[in-house]
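# Analysis of the macromolecular model
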Amino acid sequence: MFGKKKVLFDTILSFSATMILQVVVQFIIYPFFERGLGSGGYGELVYLMTFVNIVAEIGSSVSLERMKISAEKLTYNGDFAKINALFFLPVIPAAFIYLFAGHVHLGIAETICFIFLCLFAMLRSYFNVDFRLSLNYTKYFLYFLSIAVGYILGLTIWGKSGNWINVILLGEIFASLFIIFFSDHLKKKPFEMSEESNRNILLALPVVTSGLMTAIIFNMDRILLKIICSSEEVALFYIAGLFGKTMSLVSMPLNNVAIGYLAKYKGKFTVGLLMKIVLIAIVFGALATGACTVGSYIVIPFLYPETSVEASKYYLIANISSIIYFITGFFGVILLRYGKERCQLYANIVYAVAFFALCVPACIFWGIKGLCYALIAVTFCKFSAVIIMCISEIKKREKEELTKING
């Protein structure tokens, strides 16, 4: 067993790593770009980075599958290099379709750089598995710190190249350089494969598919705005919901801690206990929404002085949906612990159906405001579905336990 101090220390390092990277990106790099590109150019950046973030989920999902397999047997670098390569191949034609759908016009060199950015973002998301396999969270922290440093150094070439893609690409390349010099696992026999290489591909397929589905759903609002409205409205929406989105992103390490404690919890988890947690979550959500909204009024004018007045109209309604999404993620962890794996899929289906039924027409007829209100309704639908499934699964467990006692 690992000591509680080590677990706590590793959790702090994991959370800090994610937080530092998000702070650098959201509060230093992106505002810098917005000033240089203007609202329209910045909206286009957000649209393109949405695709990059979705592709990065491939690497995250493959690393998750490797961690799962490593709990049972030795894993080989070549197996997962092959998996990453196979899943990246469809990204190339998908990138061209995405550019066409969003009416984005890049030159040949810029398009090549954009595809390389997608590749290195995917690798960056996968490479952190190296330090999780060895439970070396000090290097894990330094790994993310190196990416943040790469982004900041990338700003120095902004004036010379005038291409924001190269700035972000430099940060992603820093992740690969860190692995080359400090890797514990990945640089040792990087292309050695096991006899179960093809089987591992089949095992990774549902994990990657589910991860991509979640990432697409999480980012679909910006894609929808760009296709239906304009780049300027993408920029406004993104800036208005900056605090709520950031909170959703940094919640991932907290959810990992939660599933760890729930996995070891041997007490009885009842519907009554669940409802108490729901009540606490609602109070927390109200406070978090207030904090994000007030924070937006204080900070956004400094980060985005030219856009903040227009964006301020949407601070409250843009942040509410992100907070509900964040809270739903926590209850998704409870559902994962006490329910069947397919329940996660059902929750995503509810979200996807509600999104296209409500958000698409709302965006067409009422623009950003309509999308924000529709997103509140959609995220509440998913929250309700998760809570209902939690109650159902917990009651099933209680019934099964009672049957065993009486049997």
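Numbering of residues starts from 1 in every chain and runs along the sequence as written. pLDDT decides what is reported in this predicted model: residues at 70 or higher carry local features, side-chain atom pairs at 80 or more are listed and counted, and totals for whole chains, interfaces and linings draw on all residues regardless. The side-chain quantities take in all heavy atoms of the structure and omit both hydrogens and water.

The secondary structure listing takes helices from DSSP runs of H or I that are at least 4 residues long and strands from runs of E that are at least 2 residues long, numbered from the N terminus. Looking only at helices and strands, the protein has 15 helices and zero strands in total. Contacts are assigned to residue pairs with any non-hydrogen atoms lying within 4.5 Å of each other. Residue pairs at least 24 apart in sequence account for 82% of intrachain contacts in the protein once pairs closer than 6 positions are excluded. To be clear on the numbers: accessible area is Shrake-Rupley with a 1.4 Å probe, and residue cover counts the displayed protein chains and nothing else. When the accessible surface of the protein is summed, it comes to about 19,600 Å², and 71% of that surface belongs to carbon and sulfur atoms. Taken together, the 34 basic and 24 acidic charged side chains of the protein have centroids lying 8 Å from each other. As used throughout, the charge tally considers Lys and Arg to be positive and Asp and Glu to be negative, leaving His and the chain termini uncounted. Each charge is placed at NZ for Lys, CZ for Arg, CG for Asp and CD for Glu.

Right, let's talk about the side chain of Glu34 for a bit. As for its placement among the helices and strands, Glu34 is situated in helix α1 (residues 4–70). Here Glu34 occupies a buried position and makes no salt bridge, while the nearest side chain of opposite charge, Arg35, is found at 5.7 Å. Setting aside residues up to four positions removed in sequence, Glu34 forms contacts with Ser39, Tyr42, Tyr304 and Thr307. For every residue, the accessible area obtained with a 1.4 Å probe (protein chains only) is divided by the maximum for its type, and the residue is called buried under 20%, exposed over 50%, and partly exposed between those limits. Only one rule defines a salt bridge in this text: a Lys or Arg side-chain nitrogen within 4 Å of an Asp or Glu carboxyl oxygen.

For the rest of this paragraph, the subject is the packing of helix α12 (residues 271–303) against helix α14 (residues 315–338). The interhelical angle for the contact between α12 and α14, taken along N-to-C directions, is 145°, at an axis separation of 9 Å. Crossing hand, α12 versus α14: right-handed. Fitted lines through C-alpha atoms serve as axes, helices being fitted only where they are in contact, and the angles separating the N-to-C directions of these axes extend from 0 to 180 degrees. Each crossing gets its handedness from the near helix: less than a right angle anticlockwise from the far helix is left-handed, clockwise is right-handed.

Before going further, it helps to examine a nonpolar patch on the surface. Only residues whose relative accessible area exceeds 30% and that take part in no salt bridge are eligible for patches, with like-charged residues grouped when within 9 Å of each other and nonpolar side chains (Val, Leu, Ile, Met, Phe, Trp, Tyr) grouped when within 5 Å. Nonpolar side chains collect at one region of the surface, where Ile227, Ile228, Ile364, Phe365 and Trp366 lie side by side and expose about 560 Å² of accessible area between them. At the level of elements, α9 (197–228) and α15 (342–406) are the ones that each hand at least two residues to the nonpolar patch. Here the nonpolar patch gets three residues from one element, more than from any other, and that element is α15. With respect to the secondary-structure elements, Ile228 resides in helix α9.

Let us now look at helix α3 (residues 91–101). Taken residue by residue, α3 has Val91, Ala95, Tyr98 and Leu99 as its buried positions. The buried residues of α3 occupy one face: seen down the axis, they fall within an arc of 95°. For α3, exposure combined with an orientation more than 90 degrees from the buried face picks out Ile97 and Phe100. Count one or two residues on from α3 and you reach His103, which has phi positive near 55°. What the arc covers is the set of directions going from the helix axis to the C-beta atoms.

The next thing to look at is the packing of aromatic side chains. Each pair of aromatic rings taken from Phe, Tyr and Trp, with Trp reduced to its six-membered ring, is defined by centres within 6.5 Å and is described as stacked if the planes are under 30 degrees apart, edge-to-face if over 60, and tilted in the remaining cases. Counted by the stated rule, this structure contains 28 aromatic pairs. With centroids separated by 5.7 Å and ring planes inclined at 50°, the aromatic side chains of Tyr42 and Tyr304 adopt a geometry described as tilted. You can see Tyr42 sitting in helix α1 and its partner Tyr304 sitting in the loop between α12 and α13 (308–311), a full 262 residues away along the chain. Tyr304 sits in the buried class, given a relative accessible area of 0%. Measuring from ring centre to ring centre gives 5.8 Å for Phe131 and Phe178, while their planes differ by 75°; the resulting arrangement is edge-to-face.

Residues belong to one nonpolar core when they are buried, are Ala, Val, Leu, Ile, Met, Phe, Trp, Tyr or Cys, and are joined through side-chain atoms within 4.5 Å. Grouped together as the largest cluster of nonpolar side chains are 128 residues, with contacts concentrated most on Tyr30, Phe33, Tyr42, Phe114, Tyr143, Trp164 and Phe331. The greatest single-element share of this core, amounting to 23 residues, is contributed by α15. Not counting the four nearest positions on each side in its chain, Tyr143 is found in contact with Leu123, Arg124, Phe127, Asn128, Phe131, Ala175, Phe178 and Ile179.

Attention now moves to the pattern of salt bridges. A full pass over the atoms with the stated rule returns five salt bridges. Among the salt bridges present, the one from Arg124 reaches Glu172, with a minimum N-O distance of 2.8 Å. Remark: Glu172 occurs in helix α8 (residues 164–182) and Arg124 occurs in helix α4 (residues 108–127); sequence separation between them is 48 residues. For the pair formed by Arg124 and Glu172, the shared burial category is buried. We note a salt bridge from Lys313 to Glu310, for which the minimum N-O separation is 3.2 Å. Note on Lys313: relative accessible area 55%, which makes it exposed. Assessed through its relative accessible area of 34%, Glu310 is described here as partly exposed. Connected via shared salt-bridge partners are Asp221, Arg222 and Lys245.

Here the focus is unusual backbone geometry. With a phi close to 55°, His103 is a non-glycine residue in the positive phi region. Looking at the element boundaries, His103 is found in the loop between α3 and α4. Given a relative accessible area of 54%, His103 falls into the exposed group.

Next up on the list: the packing of α9 against helix α10 (residues 231–240). Interhelical geometry of α9 versus α10 gives an angle of 150° and a closest axis separation of 7 Å. Taken together, the axis directions place α9 and α10 in an arrangement best described as roughly antiparallel. In the crossing of α9 with α10, the sense of the turn from one axis to the other is right-handed. Contact with α9, carried on its side by Asp221, Arg222, Leu225 and Lys226, involves Ser231, Glu233, Val234, Phe237 and Tyr238 of α10 and no other residues of that element. Considering only residue class, the contact of α9 with α10 consists of four nonpolar, one polar and four charged. Angle categories are assigned with fixed cut-offs, so that under 35 degrees is roughly parallel, over 145 is roughly antiparallel, 65 to 115 is roughly perpendicular, and the rest are oblique. For this classification, the nonpolar set comprises Ala, Val, Leu, Ile, Met, Phe, Trp, Tyr, Cys and Pro, the charged set comprises Asp, Glu, Lys and Arg, and every other residue, Gly included, is treated as polar.

It is worth spelling out the environment of Thr328 at this point. Position of Thr328 relative to the elements: it lies in helix α14. A C-alpha to C-alpha distance of 8.7 Å links Thr328 and Ser384, two positions 56 residues apart in sequence.

What follows concerns α8. Between its first and last C-alpha atoms α8 spans 28 Å; for 19 residues at 1.5 Å apiece the expected length is 27 Å, and the two agree. Listed in full, the buried residues belonging to α8 are Trp164, Ile165, Val167, Ile168, Leu169, Gly171, Glu172, Ala175, Ser176, Phe178 and Ile179. By this rule, a helix spans an expected 1.5 Å times one less than how many residues it contains.

The next subject is the confidence of the model for the protein. Predictor confidence is given residue by residue as pLDDT, running from a minimum of 0 to a maximum of 100. Looking at the protein, pLDDT values average 85 and 93% of them are 70 or higher. Looking over the protein, one finds the lowest element-wise mean pLDDT in helix α11 (residues 242–264), namely 67, and the highest in α3, namely 95.

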